[in-house]
Amino acid sequence: MAFTTLREEIALPGGLLVRLSMEPMPERNAKGAYPLLGLPGGPAVPAINASFQRDGATIHECPWGAVNSGIQQPLSKLPDGSVLSEDDLRQLDSEGWAVLWKYGVMPSEFA
């Protein structure tokens, strides 16, 4: 299966745009809502990627956990030399989790 890019875009203060994608894409329940993912006995949390874009071109893609993991050093420099500021990282953390929550992913050390 391929990753599904979510429709929401996250504009960072430093000028980059971030798009999130999931694989597999969660399915809505009978009520039309996405179920909470990762709960015992329920659907697992999908793989989540973050794609960093400038001027419509992707400059870096990585797992969501590499962006702002509390366990690892947060991603701060991209392969093209772009540097993510503290404001960029805070914006991405705040808006990224808000987007993921819409699809049933709760903030955790596992997502």
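Above this text is the structure in question.
As a starting point, this report considers the structure included with it. As the structure is a prediction and not an experimental result, all values here were calculated from the model.

1. Let's talk about the packing of aromatic side chains
Phase 1: Tallying each qualifying case throughout the model produces two aromatic pairs.
Phase 2: Between tyrosine 34 and tyrosine 103, the ring centres sit 5.0 Å apart and the planes meet at 50 degrees, which makes this aromatic pair tilted. Here tyrosine 103 lies in the segment after α2 (86–102) and tyrosine 34 lies in the loop between β2 (17–23) and β3 (47–54), a separation of 69 residues in the sequence.
Phase 3: Given the relative accessible area of 4%, tyrosine 103 is considered buried.

2. Description of the pattern of salt bridges
Pairs can form between side chains of opposite charge whenever their charged atoms are close.
Phase 1: The final tally for this structure, using the stated rule, is four salt bridges.
Phase 2: A salt bridge links glutamate 8 to arginine 7, with the nearest nitrogen and oxygen atoms 4.0 Å apart.
Phase 3: On the basis of relative accessible area, glutamate 8 is assigned to the buried category, the value being 12%.
Phase 4: Classification of arginine 7 by relative accessible area gives exposed; the value is 63%.
Phase 5: Salt bridges sharing common partners tie together Arg7, Glu8 and Lys102.

3. Comments concerning the nonpolar core
Phase 1: Grouped together as the largest cluster of nonpolar side chains are 24 residues, with contacts concentrated most on Leu12, Val18, Leu20, Phe52, Trp64, Leu92 and Leu100.
Phase 2: Residue assignment for this core shows that the elements contributing at least two residues are β1 (4–11), β2, β3, α1 (64–68) and α2.
Phase 3: Those residues in contact with leucine 92, other than ones at most four positions away along the chain, are Ile10, Leu12, Val18, Phe52, Trp64, Val67 and Trp97.

About the cut-offs
Residues numbered from 1 in each chain as written. Predicted model: local features only at pLDDT ≥ 70, side-chain atom pairs only at ≥ 80, totals over all residues. Heavy atoms only, no water. Phe/Tyr/Trp six-rings, centres within 6.5 Å; stacked < 30°, edge-to-face > 60°. Helix = DSSP H or I, 4+ residues; strand = E, 2+ residues; numbered from the N terminus. Buried < 20%, exposed > 50% of the residue type's maximum accessible area, 1.4 Å probe, protein only. Salt bridge = Lys/Arg side-chain N within 4 Å of Asp/Glu carboxyl O. Core = buried A, V, L, I, M, F, W, Y, C linked by side-chain atoms within 4.5 Å. Contact = heavy atoms within 4.5 Å.

Read these as spatial facts, not as claims about activity.
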